[in-house]
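Examining the three-dimensional arrangement
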Amino acid sequence: MTTLPTSPAAQGSPGSAVARSFLEAFGSEPSGVWSAPGRVNLIGEHTDYNAGLCLPIALPHRTYAAVRLRADRLLRLRSMQSSQKYELELDDVRAGNPPGWGGYAAGVLWALQGSGHQVSGLDLMLDGRVPLGAGLSSSAALECSVAAAVSDLLDLGLLRDDHARAKLAAICVNAENTIAGAPTGGMDQSAALRCQIGHALLLDCRDDSTAQVPFDLSAHGLSLLIMDTRVEHALDDGQYAQRRASCEEAARQLGLRSLREVAFSDQDAALDRLSDHRIRARARHVVTEIERVRQTVALLREGHLPEVGSLFNASHASMRDDFEISCAELDVAVETATTHGALGARMTGGGFGGSAIALVSTEDTQEVTSAVTHAFADNGFGAPHCIAVTAGGPARRES
Ligand code: GLA
């Protein structure tokens, strides 16, 4: 197990590394460096697009963006992790263009313009230090680092306070949905822009309100272990969209605007009215998962942290059996962690690969990590990557 470095110095000054790469690529200094974190969702999965509740923390892993605005409308986009270079006019940005990671960056400019801001072209160098395809929202970190840079450089004030950050999050969601073509719900961008260090973000997707929930595991001798299965997940492969469509269909059949309107206490009566057993199972996951978020928040606020573990377990079972978004590797990670001392474990993020999380006594993290690593080898899976994380801070200017 590795513990993530949390200070820029320990990460080899990513801010200065990306600024240097910018200089090498474009022949002059950037105007500054901005960063935004990846996220891990503690609980509340596939609830965001159902106007529900979710509870992410920001990761210490961040994406760094060195940026300089241009006087013209050209976008020159580079990444330290990719040989792909993009050069295109802002007016040529549209659904599916540019493809790949460039769409997430260019999409932010497009969406800022669409919401009434005067934007220009830019030169951009990215240093993405959020693991890719691990379900830890590397794409939202990318979008939000660019959005933070453009907001500051154009003096848009969209990092000023939580209200402004919520607006910027919505702009990034539009970029992801429309230009990158991933029909995601918005939790990830809110996490990247609105989480606070040492806290989980209770996000109410019905009205976009938030509350900061203290999340200091170390004070309780606990750790949060991310178990990245290394099975790459993608949000634009149709499975995510199918789950979203099933939830919308369930709400439509019930005559509701969203599944958030199904009260937990009335769920049996409501779910019985759904004809198709699969749609009923999808809806049951959402309704019960929203309730598990409420219970988790209550336990965290009361300081009963170990009890959160059983909610993690119930959440995983719901995603495996009702929402059907787990996979063999995620199930092995969760089962192995819980049988080797974790207080609870669940897959996190969109599903079909990516990462699981486990709540563990700090003294057991090594044991759980090596048990999961061995179990993966025994099952013929590639090696997982296990790391303990703490709750980091939101998008910000670095230099
Ligand atoms: C992905 C999406 C989010 C959310 C989660 C599942 O991370 O980007 O909007 O729906 O999956 O909770």
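So, here's what we can say about the structure. These numbers were taken from a predicted model, which means no experiment stands behind them.

1. Quick look at helix α5 (residues 187-194)
Note: α-helices contain 3.6 residues per turn, so residues at a spacing of three or four share the same orientation. Of all eight residues making up α5, eight are buried, and the element is well covered by its neighbours. Buried within α5 we find M187, D188, Q189, S190, A191, A192, L193 and R194.

2. Some thoughts on the nonpolar core
Ranked by internal contacts, the top residues of the largest apolar core, which has 72 residues, are L55, L224, M227 and L259. At nine residues, helix α8 (residues 277-302) tops the list of elements feeding residues into this core. Beyond its immediate chain neighbours, meaning those up to four positions away, L224 contacts V40, L42, I57, L217, F312, I357, A358, I387, A388 and V389. Within the second largest apolar cluster, 41 residues are counted, among which are L122, V146, L158 and L193.

3. What about the state of the cysteines?
By definition, a disulfide links the sulfur atoms of two cysteine residues through a covalent bond. Considering all chains together, one arrives at zero disulfides under this definition. Note on C144: no disulfide assigned, nearest cysteine sulfur contributed by C172 at a separation of 4.0 Å. Free of any disulfide, C386 has its nearest neighbouring cysteine sulfur in C327, separated by 14 Å.

4. A few points about the pattern of salt bridges
For the coordinates displayed, the defined rule picks out 24 salt bridges. Of the charged contacts, one joins R73 and D91 as a salt bridge, the two residues approaching to 2.7 Å between their closest N and O atoms. Of the two residues, R73 sits in the loop between β4 (56-69) and β5 (74-79) while D91 sits in the loop between β6 (82-89) and α2 (101-114), which places them 18 residues apart along the sequence. Residues R252 and E249 are paired through a salt bridge, measuring 2.9 Å at the closest nitrogen-oxygen approach. With R252 and E249 both in helix α6 (residues 239-253) and three residues apart, this pair spans about one turn of that helix. Under the relative-accessibility criterion, R252 is labelled exposed at 55%. Under the relative-accessibility criterion, E249 is labelled partly exposed at 24%.

5. Here we look at the sheet that holds strand β9 (residues 209-214)
The strand order across the open sheet formed by three strands is β3-β8-β9, and the pairing between neighbours is antiparallel. Both edges of this open sheet fall to β3 (53-54) and β9, since each of them pairs with a single strand only. Sheet topology note: the strand β8 (residues 199-204)/β9 ladder contains six bridges and is antiparallel. When the sheet's bridge partners are listed, A200 is paired in β9 with V213. Together, β3, β8 and β9 form the strand contacts of α5, whose direction differs from that of β8 by roughly 135°.

6. Describing the pairing of β4
Across the 14 residues of β4, 13 count as buried, placing the element largely inside the fold. With nine bridges joining them, strand β2 (residues 32-41) and β4 adopt antiparallel strand pairing. In the strand pairing of β4, G32 is matched with V67. Inspection of the sheet shows β4 paired to strand β7 (residues 122-128) by seven bridges, in the antiparallel sense. Residue A66 lies in a different strand from β7, and its bridge partner there is M125.

7. Looking at the environment of P384
Mapped onto the elements, P384 comes out in the loop between α11 (365-378) and β13 (385-389). When the C-alpha positions of P384 and V18 are compared, they lie 28 Å apart, and in sequence the two are 366 residues distant. The residues contacting P384, other than those within four sequence positions of it, are D228, R230, V372, T373 and F376.

8. Points about the environment of A333
Structurally, A333 is set in helix α10 (residues 328-339). For A333, a relative accessible area of 0% corresponds to the buried category. Those residues in contact with A333 that sit more than four places away from it in its chain are M227, A356, V372 and F376.

9. Let's talk about the site of the ligand
Lining the immediate environment of the ligand, one finds 14 residues, of which E45, H46, D48, D188 and Y240 sit closest. Between the ligand and the protein, one listed contact pairs an oxygen atom with a side-chain N or O atom of E45 at 2.7 Å. Between an oxygen atom of the ligand and a main-chain N or O atom of G350, the distance comes to 3.4 Å. Burial of the ligand by the protein chains amounts to 99% of its free accessible area of 310 Å². Its residues assigned to classes, the shell around the ligand shows four nonpolar, six polar and four charged.

10. Considerations on the packing of α10 against α11
At a minimum axis separation of 9 Å, α10 and α11 run at an interaxial angle of 140°. If you check the angle between α10 and α11, you find them oblique. When the axes of α10 and α11 are compared, the crossing they make is right-handed. Touching E329, V332, A333, T336 and A337 of α10 are V368, A371, V372, A375 and F376, all from α11. For the contact of α10 with α11, the per-class residue count stands at eight nonpolar, one polar and one charged.

11. Describing the pairing of β8
Counting buried positions along β8 gives five out of six residues, so the element sits mostly inside the fold. As defined by bridge partners, β3 adjoins β8 across two bridges and the pair is classed as antiparallel. What sits directly across from C54, in β8, is L203. Between the antiparallel neighbours β8 and β9 lie four residues, among them D208 with a positive phi of about 65°.

Conventions used here
Along each chain, the written sequence defines residue order, and numbers are assigned to residues from 1. Given that this is a predicted model, residues contribute local features only at a pLDDT of at least 70 and side-chain atom pairs are listed and counted only at 80 or more, while totals for whole chains, interfaces and linings are drawn from all residues. Side-chain descriptors were evaluated using all non-hydrogen atoms of the structure, hydrogens and water having been removed beforehand. Relative accessibility decides the category of a residue: with a 1.4 Å probe and only protein chains considered, values under 20% of the type maximum give buried, values over 50% give exposed, and everything between is partly exposed. Strands here are runs of E lasting at least two residues and helices are runs of H or I lasting at least four, both read from the DSSP assignment and numbered beginning at the N terminus. In plain words, nonpolar cores are sets of buried Ala, Val, Leu, Ile, Met, Phe, Trp, Tyr and Cys residues tied together by side-chain atoms within 4.5 Å. The contact criterion used throughout is that any non-hydrogen atoms of two residues lie within 4.5 Å. When two cysteine sulfur atoms are found within 2.5 Å, that pair is recorded as a disulfide. The term salt bridge refers to a pairing of a side-chain nitrogen on Lys or Arg with a carboxyl oxygen on Asp or Glu at a separation within 4 Å. Following DSSP output, two strands are said to pair if at least two bridges run between them. Inter-axis angles, ranging from 0 to 180 degrees, are taken between N-to-C directions of lines fitted to C-alpha atoms, where helices are fitted over the stretch in contact. Any residue with a heavy atom positioned within 4 Å of a molecule or strand is treated as near that molecule or strand. Counted as a polar contact is a pair of N or O atoms within 3.5 Å, where, for protein atoms, one must be capable of donating a hydrogen and the other of accepting one, and residues adjacent in sequence contribute only when both atoms are in side chains. Surface exposure here means Shrake-Rupley accessible area, sampled with a 1.4 Å probe, where a residue is shielded only by the protein chains that are shown. Polar here means any residue other than Ala, Val, Leu, Ile, Met, Phe, Trp, Tyr, Cys and Pro, which are nonpolar, and Asp, Glu, Lys and Arg, which are charged; Gly is therefore polar. Angles below 35 degrees are treated as roughly parallel, those above 145 as roughly antiparallel, those between 65 and 115 as roughly perpendicular, and all remaining angles as oblique. With the far helix as reference, a near helix turned anticlockwise by less than a right angle produces a left-handed crossing, and one turned clockwise produces a right-handed crossing.

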